[in-house]
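Fold and contact review
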Protein chains: 2
Amino acid sequence: MLNYDLTQRGNTPLYRFLYSCIRKDIETGALAADTRLPSKRRLAEDLNLSVNTVMTAYDLLVSEGFVYTREKKGYYVSRLNYRAPKKKARPPKAAEPEERNWFMDFRAGHAPLDLFPTSLWAKCMREAISAADSLYTTVSWKGLAALRNAIAEDLADHRGMTGVSPEQIVIGAGTEYLYGRLMEILGPGITIAGADTGPSKFAQIAANHGSRWCYIPVDEKNMRADCLAQTSASVVHLSPANLFPYGRSMPIDRRIAFFEWANAAPSRWIIEDNYDAEFCFGPAGHRSMFSEDAHEKVIYLNTLSKTMVPTLRISFMVLPEALLRRYEETVSFYTCTVSSFEQYALALFIERGYYERHLFRLLHHYRKLRAAILDEIQHNPILSRIAEVADTDAGTHFLMTVHTDLSEAEILSRAEARSLRFHFFHPKYQKPRPGEVQLIINFAAIDESRIPEVFARLGAVFEG
Amino acid sequence: MLNYDLTQRGNTPLYRFLYSCIRKDIETGALAADTRLPSKRRLAEDLNLSVNTVMTAYDLLVSEGFVYTREKKGYYVSRLNYRAPKKKARPPKAAEPEERNWFMDFRAGHAPLDLFPTSLWAKCMREAISAADSLYTTVSWKGLAALRNAIAEDLADHRGMTGVSPEQIVIGAGTEYLYGRLMEILGPGITIAGADTGPSKFAQIAANHGSRWCYIPVDEKNMRADCLAQTSASVVHLSPANLFPYGRSMPIDRRIAFFEWANAAPSRWIIEDNYDAEFCFGPAGHRSMFSEDAHEKVIYLNTLSKTMVPTLRISFMVLPEALLRRYEETVSFYTCTVSSFEQYALALFIERGYYERHLFRLLHHYRKLRAAILDEIQHNPILSRIAEVADTDAGTHFLMTVHTDLSEAEILSRAEARSLRFHFFHPKYQKPRPGEVQLIINFAAIDESRIPEVFARLGAVFEG
């Protein structure tokens, strides 16, 4: 009994190997409950071990409850109603999911990565690595002060948002993350009104946090403020810079209507989701509602993942005073989700003007690209006849209406055969008109040299 | 009328400056509603501008809704019920909150940072910077495959968790973050049972996600499984490796009791919070409940922020198959919150064995430190008489019971005078016994050379 081959132990200490062998026998039932184990001395002799080694193993089994002792009688196997699971084989390694390599994926919303100033970013990261405190500074729940200062400066210098205090800024690992925190301080049980421009990820986050989302019709001025009165919404989610996928900036009278709605009750708030607002091709640039808000009703939300690289997860929000206090009371126990090192590197990148310079180049690139694409569409023999592009001046996408009798399923399969991929636009309440479909064209990722071929293929999808 | 000083425009284009001036006059009411603006030609003459410049400014004002046109009559000021907020001055910059420099802060739970192999970590980060795909790889919602593979290997090689597939691992920016996602897939409206060892941050996260938390009494074997039956809990939150602040590992019979409870209903789950489990000073090391679970009932949760540096926000969880599917269906739309660059660097750090080597050194350091501290307490003329330390073998803290008639408030003020800071231990249901107080002593941050002085001061707090 208890005859173990100790040569199998490898690097495991003797006592530990012995402990494992006995434990395994107990777990498998090879050693039945209440069996008396051999005395320490006896087992030591049997296995040619020191008594101390056996004692350590026995004590361990006792302390973990696999074995019990009876005074002056020795060690016994505990009665355990338990079978340990079989030791599993090592499962295979994971691989990054391989994406099909489309000739053109109109769902991809990001600029070609060679437009990103990788070397400048690497420079900032290298400096951050060398700066000891980038790793060790304890960061406030709001995020690193240096990054909040850099963002506040940038908002003042380049977005017309002069009054933002760095103390109002909260940094988090992505807009979705910050939205979850917002749902915690505003909800649960509230209703958020969002534009009816297809299913929204934010609606899902709201639902997962116990709140409701209602879709509001849109017109040419953005979401219809007059429809709010028929809902129980206390929060409205707006993209005044450009309403996806229309790319329209909201005019002042509509903005005023939302301000009036929000000002009418203390529990009402406007979430200004400024995603993609950096890319305004119109002459005036974008005016944020935050900067037009006289009554501290606007929560400003933006991301740096869209303008930098998508795998960098840094977003921020600017909270009005009252919500900042509520945030502090309710959810400031959450540690800031962005590593201080990356905040440090990004603060350098912004402070030194690299960020604005990069944005400026991107905007220039997108403006040229967009013009070339619209021109191509106008001159494409097929698309010029059947396609209309909404005349917009913002964002890295546009809506294309195509007059066709093909079904969406037919179109998708013809597109796939030509290695093209896109989404159709499906607002919840606005039914598609017969004889036409609406495509969302993200143009950010299109390589300029491929434009003719891309739209020749797109035209061919609808031919015949 | 409309007499603007165009020399004030700085770098702003002329049309844009003119637009801003008129807009400001409209916003302030200097230009009343329905006022007719001068014709383009007239204003161009007045201000010595080209007609084109004026037209661009007017068109912009029209498109934004500040001005309207009447056919063949010209441009008029819109009627807007709105006063723009005054442009605010730049608020002051933020500074990192300055912490008082305590002689000893027993609340600080982290090792002195000079124990962290900064140069090896910097090496991995530098390599990650050079590897182009570290920045550009699109990461699965679960996290970077390379990091999930490295973690699965580490669990198998060093934690006895051989069966974990990298596909079961979900990476997130901190344990709090992952806990929130868990609350979304398990809740809302559930009850989670946690050990009654003082207020828990997880209880707050559960409440913020619409679920309840109930505190369960503990005994020397960890949380009492027999008390679960009296609750409506469907999820139990356990720290089997060491129950804060007792530092006791849970014996097998109690583990079995929890498994039996969980196996009795399909909606029941065990969250194994393995925080601090790397630091087990006992001979056997820590056995995770995850590896003992034969019925896929355990959600394993751990953080790398505790063993690396606290400002690196990377935690992970291992989900049983059924919950993995639910996670995928419900919350996999959330983008992974950790930047791919940091995941890449950490994968290198683990793969190359730096992580295990660092852990080994830390464990050795803590073991020595702990022994020296316990020895010091035994030889301190005051503490040796009045203080008892729970005899535990895990974790970077211990519980110290001090027999004293001083009130907690008195103790705190005397401690502050000696530049010491600590928490008292306040379980919810376990009332303190008269004539004693319980201190939580985090020893991770104590500098070995300071041990005599630290405990001399602590002893003096309780003296006469």
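Residues numbered from 1 in each chain as written. Chains lettered and ligands numbered in written order. Predicted model: local features only at pLDDT ≥ 70, side-chain atom pairs only at ≥ 80, totals over all residues. Heavy atoms only, no water.

1. Considering the overall build of chain A
Looking only at helices and strands, chain A has 16 helices and 17 strands in total. Here chain A has a C-alpha radius of gyration of 31 Å; the compact-globule value for 464 residues is 23 Å, and the former is much larger. By its C-alpha atoms, chain A is 95 × 55 × 50 Å across when sized along the principal axes. Burial statistics for chain A: of 464 residues in total, 58% are counted as buried. Sequence separation of at least 24 residues holds for 72% of the intrachain contacts in chain A that already meet a minimum separation of 6. A total of about 19,800 Å² of accessible surface is found on chain A, and carbon and sulfur atoms cover 49% of it. A distance of 9 Å separates the average location of the 55 positive side-chain charges in chain A from that of its 55 negative side-chain charges. (Helix = DSSP H or I, 4+ residues; strand = E, 2+ residues; numbered from the N terminus. Rg over C-alpha atoms; globule rule 2.2 N^0.38 Å. Buried < 20%, exposed > 50% of the residue type's maximum accessible area, 1.4 Å probe, protein only. Contact = heavy atoms within 4.5 Å. Areas by Shrake-Rupley, 256 points an atom, 1.4 Å probe, with all protein chains shown as cover. Lys, Arg positive; Asp, Glu negative; His and termini not counted. Charge placed at Lys NZ, Arg CZ, Asp CG, Glu CD.)

2. Some points on the sheet that holds strand E16 (residues 423–424) of chain A
Adjacent strands of a sheet form backbone hydrogen bonds with each other and so pair up, either parallel or antiparallel. Residue and element names in this part refer to chain A. Within the open sheet, the 4 strands sit side by side as E13-E14-E17-E16. Their pairing is antiparallel. Bordering the open sheet on either side are strand E13 (387–389) and E16, each of which pairs with just one other strand. Running at roughly 5° to strand E14 (residues 397–403), helix H13 (residues 354–379) makes contact with E13 and E14 of the sheet. (Pairing = 2+ DSSP bridges. Axes fitted to C-alpha atoms, helices over the stretch in contact; angles between N-to-C directions.)

3. Remarks on the relation of the copies chain B and chain A
Two chain copies, one operation linking them: a rotation about an axis together with a shift along it. Rotating chain B by 180° and translating it 0.0 Å along the rotation axis places it on chain A, where the RMSD comes to 0.1 Å. The operation mapping one copy onto its partner corresponds to a two-fold rotation axis. When each C-alpha of chain B is compared by its distance to the rotation axis, His209 of chain B comes out closest, at 3.0 Å. Interface overlap between copies: 99% of the residues of chain B at the interface are likewise at the interface in chain A, consistent with a symmetric, same-surface contact. (Least-squares fit on C-alpha atoms with pLDDT ≥ 70 in both.)

4. Thoughts on the nonpolar core
Core analysis: the largest hydrophobic core is formed by 266 residues, its most contacted members being Trp121, Leu458 and Phe462 of chain A together with Phe455, Leu458 and Phe462 of chain B. Excluding residues within four positions of it along the chain, Leu458 of chain B makes contact with Phe106, Leu383, Met400, Leu420, Phe422, Leu439 and Ile441 of chain B. Residues Tyr215, Ile299 and Tyr327 of chain A together with Phe202 of chain B belong to the second largest nonpolar core, which totals 60 residues. (Core = buried A, V, L, I, M, F, W, Y, C linked by side-chain atoms within 4.5 Å.)

5. A look at the interface of chain B and chain A
In this complex, chain B contributes 95 residues to the contact, which on the side of chain A involves 94 residues. Summed over both partners, the interface of chain B with chain A buries about 8,000 Å², with 57% contributed by carbon and sulfur atoms. Where chain B touches chain A, the interface holds 6 salt bridges. For Glu153 of chain A, the salt bridge identified is with Arg90 of chain B, shortest N-O distance 3.5 Å. (Buried area = accessible area lost by both parts, 1.4 Å probe. Salt bridge = Lys/Arg side-chain N within 4 Å of Asp/Glu carboxyl O.)

6. Examining the environment of Ser78 of chain B
Residue and element names in this part refer to chain B. Considering the arrangement of structural elements, one finds Ser78 in the loop between strand E2 (74–77) and strand E3 (104–105). Owing to a relative accessible area of 11%, Ser78 belongs among the buried residues under this scheme. When the C-alpha positions of Ser78 and Arg36 are compared, they lie 9.8 Å apart, and in sequence the two are 42 residues distant. Of the polar contacts made by the side chain of Ser78, one reaches the backbone oxygen of Gly65; its length is 2.9 Å. (Polar contact = N/O pair within 3.5 Å; in protein donor to acceptor, adjacent residues only side chain to side chain.)

7. Here we look at the pairing of strand E9 (residues 235–238) of chain A
All names here are of chain A. Because side chains alternate across E9, one face comprises the buried residues Val235 and His237, and the other comprises Val236 and Leu238, equally buried. Where strand E5 (residues 191–195) lies against E9, 3 bridges are found, and the strand directions are parallel. Of the residues in E9, the one forming a bridge with Ile192 is Val235. Traced from E9 through helix H9 (residues 252–263) to strand E10 (residues 269–273), the parallel crossover comes out right-handed. (Right-handed = clockwise from strand over helix to strand, strands pointing away.)

8. With respect to the sheet that holds strand E17 (residues 436–442) of chain B
All names here are of chain B. In space, the 4 strands of this open sheet follow the order E13-E14-E17-E16, with antiparallel pairing throughout. Two strands bound the open sheet, and with one partner strand each, they are strand E13 (387–389) and strand E16 (423–424). With respect to the sheet, helix H12 (residues 354–379) is in contact with E13 and strand E14 (397–403), its orientation differing from that of E14 by roughly 5°.

9. Quick notes on H9 of chain A
All names here are of chain A. Between its terminal C-alpha atoms H9 stretches 16 Å, which fits the 16 Å expected from 12 residues at 1.5 Å a residue. Those residues of H9 that fall on the buried side of the exposure criterion are Ile252, Arg254, Arg255, Ile256, Phe258, Phe259, Trp261 and Ala262. Those residues of H9 hidden inside the fold are in contact with strand E7 (218–219), strand E8 (222–223), E9, E10, helix H10 (289–292) and strand E11 (298–303). (Expected span 1.5 Å × (residues − 1).)

10. Observations concerning the side chain of Asp196 of chain B
Residues and elements named next belong to chain B. The residue Asp196 is located in the loop between strand E5 (191–195) and helix H8 (201–208) in this model. Nearest to the buried, unbridged Asp196 among oppositely charged side chains is Lys428, at 7.4 Å. Setting aside residues no more than four positions away along its own chain, Asp196 makes contact with Tyr215, Ile216, Pro217, Val218, Pro427, Lys428, Tyr429 and Gln430.

11. Quick look at the environment of Leu228 of chain A
Residues and elements named next belong to chain A. Positionally, Leu228 belongs in the loop between E8 and E9. Since its relative accessible area comes to 1%, Leu228 is described here as buried. Distance from Leu228 to Cys214, taken between C-alpha atoms, is 9.7 Å for residues 14 residues apart in sequence. Once you skip the residues sitting within four places of it in the chain, Leu228 turns out to touch Ala193, Ile216, Ala233, Val236, Phe258 and Trp261.

12. Considering the packing of aromatic side chains
The full count for this structure, using the stated rule, is 40 aromatic pairs over all chains. Ring centres of Trp121 of chain B and Phe349 of chain B lie 5.5 Å apart, and the angle between their planes is 90°; this geometry places the pair in the edge-to-face category. Residue Trp121 of chain B is located in helix H4 (residues 118–130), and its partner Phe349 of chain B is located in helix H11 (residues 340–351); the two are separated by 228 residues in the primary sequence. Here the two residues Trp121 of chain B and Phe349 of chain B agree in accessibility, since each one is buried. The rings of Phe106, Phe422, Phe424 and Phe455 of chain A are connected pair by pair, giving a single aromatic cluster. One cation-aromatic arrangement involves Arg181 of chain A over Tyr334 of chain A; the distance from NZ or CZ to the ring centre is 3.9 Å. (Phe/Tyr/Trp six-rings, centres within 6.5 Å; stacked < 30°, edge-to-face > 60°. Lys NZ or Arg CZ within 6 Å of the ring centre and 35° of its normal.)

13. Some points on the pattern of salt bridges
A side chain with one charge can pair with a side chain of the opposite charge if their charged atoms come near. Inspection of every chain in the model, using the stated rule, returns 42 salt bridges over all chains. One salt bridge in this structure joins Arg254 of chain A and Asp219 of chain A, with 2.8 Å as the shortest N-O distance. Of this pair, Arg254 of chain A sits in helix H9 while Asp219 of chain A sits in strand E7, and the two are 35 residues apart along the sequence. The partner of Arg79 of chain B in a salt bridge is Asp34 of chain B, with the nearest N and O atoms 2.9 Å apart. Of the two residues, Arg79 of chain B is situated in the loop between E2 and E3 and Asp34 of chain B in the loop between helix H1 (14–28) and helix H2 (40–47); the sequence distance between them amounts to 45 residues. Each member of the salt-bridge network shares a partner with another, and the members are Glu64 of chain A together with Arg255, Arg287 and Glu292 of chain B.

14. Observations regarding the domain arrangement of chain A
In many reports, interface size means the accessible area that the parts give up when they come together. Taken as a whole, chain A is organised into domain 1 (6–77), domain 2 (113–353) and domain 3 (358–461). One C-alpha centre belongs to domain 1 of chain A, the other to domain 3 of chain A, and the line joining them spans 73 Å. (Domains from an automatic or database assignment.)

15. With respect to unusual backbone geometry
Cis geometry is found at the peptide bond from Phe244 of chain A to Pro245 of chain A, where omega equals -10°. Tracing the chain through its elements places Pro245 of chain A in the loop between E9 and H9. At the junction of Gly187 of chain B and Pro188 of chain B, the peptide bond is cis and its omega measures out at 0° in the coordinates. Mapped onto the elements, Pro188 of chain B comes out in the loop between helix H7 (175–186) and E5. One non-glycine residue, Glu296 of chain A, adopts positive backbone phi at about 50°. Relative to the elements of secondary structure, Glu296 of chain A occurs in the loop between H10 and E11. Here the phi dihedral of Lys72 of chain B falls at roughly 65°; this positive angle occurs in a residue that is not glycine.

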